[in-house]
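Given next are the chains, with one letter for each unit.
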Amino acid sequence: MTRLHIDHDYLLEILRALLAIPSPTGYTDMIVRYVSGELGKFGLAVELTRRGAIRAIRPGVEERGARAIVSHLDTLGAQVKMIKDDGRLELVPIGHWSARFAEGARATVFAGDGTYRGTILPLKASGHTFNDEVDSLPVGWPYVEFRIDALARNREDIERLGVGIGDIVAIDPQPEFLDNGFIISRHLDNKAGVAVMLAALKAMQDEGVETPVDIHWLFTIAEEVGVGASSILTHNVASMVTVDNGTTAPGQNSDEFGVTVGMADQTGPFDFHLTKKLVDLCGENDIRYQKDVFRYYRSDSASAIEAGHDVRTALITFGVDASHGYERIHTHALRSLAELITAYATSPVNIKRDFAESGDVKGFTRQPLAEAAQDLSPDIEDDELEEQEHH
């Protein structure tokens, strides 16, 4: 057993704090500063890229063959596309999410002279005026608009407020933490993943555990628009585990309890050996898990591979209901993920050939090809078996 005790109160406390900080892609400076400060409390030196992706290295016995654990800080949001003559704002989404879940959302627009509050409404929002037309309006971003809570009845009023095209809009998370362990909020993707990583790091620092190789704690800032971990990895990193959400829905095997191990996403299978290691660690440490395949999903792992990084990648997730909508998770999955991260970080290195970026075939991995042994029931008599084979 190599998993560590996770401070559950800290995990929930840090998740509340993260949700309270607006961070749509393109407006992440505040959350980058907050997470950097938290990493500093744990004694880790923080490196930021020019745009603000975070790298914090916890030294291990070996610098080579480092392991990276990554989550993204950015969330879905919107941007001002056009200022209408009546003072309403047309929006376009940041990231891929449906306007169906934007309708009725309270939000903040970051204007040049400060922030303004408002509501995202369908174009026909008054039942007393439009009657059944409210229900027949199509779903889509051209059919919603942002109503600013300020004296703004026309384009000139909006411009006087300092609101302009391209201004970013942050959607309120509206979190609820229930006594039964369920958490309901927007932006659990992926602030819950960030909270899991910080809780796992806290457990490792509290126990003062040693790891066989350096652990790179990475936090990216543009995953929701496909950039993710494309430019945060160093050449020392041999493997990368992404912590993100897994979709619980009909046709999926993800669950709001335990760890959901992603076997593949729309970019293809994750690394065979790293994924197997994580599954084995779940079994060895009595961590509940299930596997899933995601057809309409990509993560920081895809961004890293597509950018040309030659690293093994895997995806471990917390099951989330209604992803990119009104999301719901359970603390059991968060705690399980944090336990798996500590088990992985402290586990022995199996593929030491990965210490070098390239080499000859010596020490290269093998994937099993042997035929499985079939243990037939002794209750089946030979003649019954022959009859079954004949049919």
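Anything mentioned here points back to the structure above.
Model, not experiment: these values are computed from the prediction.

Undergrad: So, the overall build of the protein: which residues are in play, and what are the values?
TA: Helix and strand counts for the protein come out as 10 helices and 18 strands. Considering only C-alpha atoms, the protein reaches an extent of 80 × 60 × 45 Å along its principal axes. Here the protein holds 391 residues, and 52% of them are scored as buried. Considering only contacts in the protein between residues 6 or more positions apart, those separated by 24 or more positions represent 77%.

Undergrad: Break down the side chain of threonine 342 for me, citing the residues and quoting the values.
TA: In this fold, threonine 342 is placed in helix α9 (residues 331–346). Only 2.7 Å separates the side chain of threonine 342 from the backbone oxygen of glutamate 339, close enough to count as a polar contact.

Undergrad: Describe the pattern of salt bridges, naming the residues involved and giving the relevant values.
TA: Counted by the stated rule, this structure contains 19 salt bridges. With its nearest N and O atoms 3.0 Å apart, the salt bridge here joins glutamate 145 to lysine 84. Taken together, the residues span a long stretch of sequence, with glutamate 145 in strand β8 (residues 144–148) and lysine 84 in the loop between β4 (77–83) and β5 (89–94) at a distance of 61 residues. On the basis of relative accessibility, which here comes to 7%, the residue glutamate 145 falls in the buried class. As a salt-bridge pair, arginine 160 and aspartate 157 come within 2.7 Å of each other at their nearest N and O atoms. Residue arginine 160 and its partner aspartate 157 are both found in helix α5 (residues 155–161); the two are separated by 3 residues, about one turn of the helix.

Undergrad: Report on the packing of helix α7 (residues 272–284) against α9, specifying residues and quantitative values.
TA: Two elements in contact, α7 and α9, have axes separated by 10 Å at closest approach and are oriented at 115 degrees. When you trace α7 past α9, the crossing you get is right-handed. Along its contact with α7, which presents Leu274, Lys277, Leu278, Leu281 and Cys282, the element α9 presents Leu340, Ala343 and Tyr344. The class makeup of the residues in the contact of α7 with α9 is 7 nonpolar, no polar and 1 charged.

Definitions and cut-offs
Residues numbered from 1 in each chain as written. Predicted model: local features only at pLDDT ≥ 70, side-chain atom pairs only at ≥ 80, totals over all residues. Heavy atoms only, no water. Helix = DSSP H or I, 4+ residues; strand = E, 2+ residues; numbered from the N terminus. Buried < 20%, exposed > 50% of the residue type's maximum accessible area, 1.4 Å probe, protein only. Contact = heavy atoms within 4.5 Å. Polar contact = N/O pair within 3.5 Å; in protein donor to acceptor, adjacent residues only side chain to side chain. Salt bridge = Lys/Arg side-chain N within 4 Å of Asp/Glu carboxyl O. Axes fitted to C-alpha atoms, helices over the stretch in contact; angles between N-to-C directions. Left-handed = near helix turned anticlockwise from the far one by under 90°. Nonpolar A, V, L, I, M, F, W, Y, C, P; charged D, E, K, R; others polar.

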